[in-house]
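Summary of structural features
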Amino acid sequence: FFYGSIAHCKDPLQASAPKLLEGYEAAFALGDMESVTAHLQLYAGVAVWGCGEKLTKAEEIVRIHAKRMLQHKQVVSCKNILIHLQQATELIGLHEDVYSTF
């Protein structure tokens with residue numbers, strides 16, 4: 001989580017996206033759900049609004065990880081991430097209600 005909080009002061013914001021996903025995976029492996037949520041929310045924000053990824057790729061990655069959060073009973077965290085997913089789908093032009101999907 002610390003990396004995502006200070007990396008933008010040193011490197012371009014877009015450079016933090018891959019590191020945030022690495023932190024997400026590491027936290028998941030350790031079972032640290034608080035850090036999992038923080039890293040995924042930061043990634044989703046950077047990917048969708050910080051031009052860190054192509055929107056179609058960001059939408060796909062966030063969707064996969066939102067489903068993973070639900071599988072681990074992290075409902076509130078998943079709903080926070082769905083905000084970014086909904087915005088990505090609308091910007092892509094899919095006009096899908098992601099809240100009904102989850």
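Procedures and definitions
Residues numbered from 1 in each chain as written. Predicted model: local features only at pLDDT ≥ 70, side-chain atom pairs only at ≥ 80, totals over all residues. Heavy atoms only, no water. Helix = DSSP H or I, 4+ residues; strand = E, 2+ residues; numbered from the N terminus. Expected span 1.5 Å × (residues − 1). Buried < 20%, exposed > 50% of the residue type's maximum accessible area, 1.4 Å probe, protein only. Arc of directions from axis to C-beta. Salt bridge = Lys/Arg side-chain N within 4 Å of Asp/Glu carboxyl O. Contact = heavy atoms within 4.5 Å.

Its 15 residues place the ends of helix α2 (residues 16-30) 21 Å apart at the C-alpha level, agreeing with the 21 Å of an ideal helix rising 1.5 Å per residue. Within α2 the residues assigned to the buried category are S16, A17, L20, L21, G23, Y24, A27 and F28. Across the axial projection of α2, the buried residues extend over an arc of 160°, all falling on one side. Exposed side chains of α2 directed beyond 90 degrees from the buried face belong to A29 and L30.

Think of it this way: side chains of opposite charge can pair up when their charged atoms draw near. Under the criterion given, the structure shown has 4 salt bridges. Here E22 and K19 are joined by a salt bridge, their closest N and O atoms 3.8 Å apart. Taken together, the residues E22 and K19, both in helix α2 and 3 residues apart, mark about one turn of the helix. For E22, a relative accessible area of 49% corresponds to the partly exposed category. The salt bridge involving R63 is made with E59; its shortest N-O contact spans 2.6 Å. Note that R63 and E59 are positioned in helix α4 (residues 55-71) at a spacing of 4 residues, about one turn of the helix. The exposure class assigned to E59 is buried, which follows from its relative accessible area of 10%. Salt bridges here are not isolated pairs; linked through shared partners, they connect E59, R63 and E96.

The first and last C-alpha atoms of α4 sit 24 Å apart over 17 residues, in line with the 24 Å expected at 1.5 Å per residue. Every buried residue of α4 is accounted for by A58, E59, I61, V62, R63, H65, A66 and M69. Buried residues along α4 sit against α2, α3 (33-49), α5 (75-92) and α6 (98-101). At the C-terminal side of α4, K73 shows a positive phi close to 65°.

Here the phi dihedral of K73 falls at roughly 65°; this positive angle occurs in a residue that is not glycine. Within the fold, K73 resides in the loop between α4 and α5. The class of K73 is exposed, set by a relative accessible area of 69%. In this structure, H95 takes a positive phi of about 50° despite not being glycine. Here H95 is to be found in the loop between α5 and α6.

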